[in-house]
Amino acid sequence: MTQVSLKDGSIITIRKAVSSDAKEVLEYIHKISSESDFLTFGEGEFHRTIEQQKNFIYDIAKRKNALFIVAEIDGKIVGNLNFSGGLRPRMAHTGEFGLSVLQEYWGKGIGTKLIKNLIQWCKKSETIRKINLKVRNDNHLAIHLYKKLGFKQEGIITRDFLVDNRFYDSIFMGLTID
Ligand SMILES: CC(C)(COP(=O)(O)OP(=O)(O)OC[C@H]1O[C@@H](n2cnc3c(N)ncnc32)[C@H](O)[C@@H]1OP(=O)(O)O)[C@@H](O)C(=O)NCCC(=O)NCCS
C-alpha cells in the first residue's frame, strides 16, 4: 500500500486489490462502462458474478507476473489497473494492462500514478521485461498519458473496435523494462 499526492494536493491510496473488494470493483466497473466508450466493454456488457470476481482477484494475487491495483480516495475505489503477463514461459516476461479512472476524477493525475506504480512493480518483479498495451487511436487523453510515461507506438491494428456500427483502429504501444 502506498499513499501519493495528486496535482491538486489530495491524497490517494494505491494498493493491491483483495478478494473482499470484489463487490465494489464490480460496481466500479459497471459505472466506468457507462462513462467511457474506450473500454472493450460497454454499459451492461461486463458479466461477472461477485464470486467470479473474487476468484479473479485471488488468481491474479497468486501469480508472480500479474498485478491488480486500485486507487482509493477516502476508502472509495476511484481507479484501477489490471496487468497480466503471459501464462507460458516464453510469454511470461511480457504482459498487457487495462486502466480506468472514474470520470469525475479524470485529469488529476490518478492514471499517471497507477501506471508509475505498475512500472515500479515490474522493475522489482525480475520477471517482466516489457509492458504492452492497446489503445483506441482516438483516445487522445490516454495516448498522451502513455507517451508521457515513455511508451512508444509499435503498430496499428485496424477495425479493432466495433462500437455503434462504427469501426475504430487501435494502436499498440510498449515500454521495455530494463
Ligand atoms: C485514460 C484514463 C485512465 C486516464 O486517467 P487520468 O487520471 O485522467 O490521467 P492523468 O490525469 O494522470 O493524465 C491525463 C493526461 O492527459 C492530458 N489530457 C487531458 N485531456 C486530454 C486530451 N483531450 N488530449 C490529450 N491529452 C489530454 C492531461 O493534461 C494529463 O496530462 P499531463 O499530466 O501531462 O497534464 C482515464 O481518462 C479513463 O479512465 N478513461 C476512460 C477509460 C480509458 O480510456 N482507459 C484507457 C484504455 S486504453
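Residues numbered from 1 in each chain as written. Predicted model: local features only at pLDDT ≥ 70, side-chain atom pairs only at ≥ 80, totals over all residues. Heavy atoms only, no water.

Per an unreviewed UniProt entry, the recorded name for the protein chain is GNAT family N-acetyltransferase, and the organism is Irregularibacter muris.

**Digging into the packing of aromatic side chains**
Under the definition given, this model contains 6 aromatic pairs. Here the aromatic rings of Phe56 and Phe68 are separated by 6.1 Å at their centres, their planes lie at 75 degrees, and the arrangement is edge-to-face. On the criterion of sequence distance, the pair formed by Phe56 in helix α2 (residues 50-62) and Phe68 in strand β3 (residues 66-73) is long-range, its members being 12 residues apart. With a relative accessible area of 23%, Phe56 lands in the partly exposed category. Each ring, one from Phe83 and one from Trp121, has its centre 6.1 Å from the other, and the planes form 70 degrees; the classification is edge-to-face. Of this pair, Phe83 sits in strand β4 (residues 76-85) while Trp121 is found in helix α3 (residues 110-125), placing the two residues 38 residues apart along the sequence. An aromatic cluster is defined as three or more aromatic residues linked by ring pairs; in this entry it consists of Phe97, Tyr146 and Phe151. Of note, Arg48 hangs over the ring of Phe56, and the distance from its end group to the ring centre comes to 4.1 Å. (Phe/Tyr/Trp six-rings, centres within 6.5 Å; stacked < 30°, edge-to-face > 60°. Helix = DSSP H or I, 4+ residues; strand = E, 2+ residues; numbered from the N terminus. Buried < 20%, exposed > 50% of the residue type's maximum accessible area, 1.4 Å probe, protein only. Lys NZ or Arg CZ within 6 Å of the ring centre and 35° of its normal.)

**Some details on the pattern of salt bridges**
Following the criterion strictly, the structure yields 11 salt bridges and no others. When the shortest N-O distance is used, the salt bridge between Glu27 and Lys23 registers 3.0 Å. Residue Glu27 and its partner Lys23 are located together in helix α1 (residues 22-33), separated by 4 residues, close to a single helical turn. Across the pair Lys62 and Asp59 runs a salt bridge whose closest N-O atoms are separated by 3.7 Å. A residue pair is termed a helical-turn pair when its members lie 3 or 4 positions apart in one helix, as Lys62 and Asp59 do in helix α2 at 3 residues. (Salt bridge = Lys/Arg side-chain N within 4 Å of Asp/Glu carboxyl O.)

**A closer look at the UniProt feature "domain: N-acetyltransferase" (unreviewed entry) in the protein chain**
Mapped onto this numbering, the UniProt entry annotates "domain: N-acetyltransferase" (unreviewed entry) at residues 12-178. Taken as a whole, residues 12-178 contains 30% helix and 37% strand, while its terminal C-alpha atoms sit 28 Å from one another. (UniProt positions renumbered as here; feature names shortened; annotations may be inferred.)

**Observations concerning the nonpolar core**
Phe97, Ile110, Ile115, Ile131, Tyr146 and Phe151 are the most contacted members of the largest nonpolar core, which totals 52 residues. Not counting the four nearest positions on each side in its chain, Tyr146 is found in contact with Phe97, Leu99, Ile115, Leu133, Val135, Phe151 and Met173. (Core = buried A, V, L, I, M, F, W, Y, C linked by side-chain atoms within 4.5 Å. Contact = heavy atoms within 4.5 Å.)

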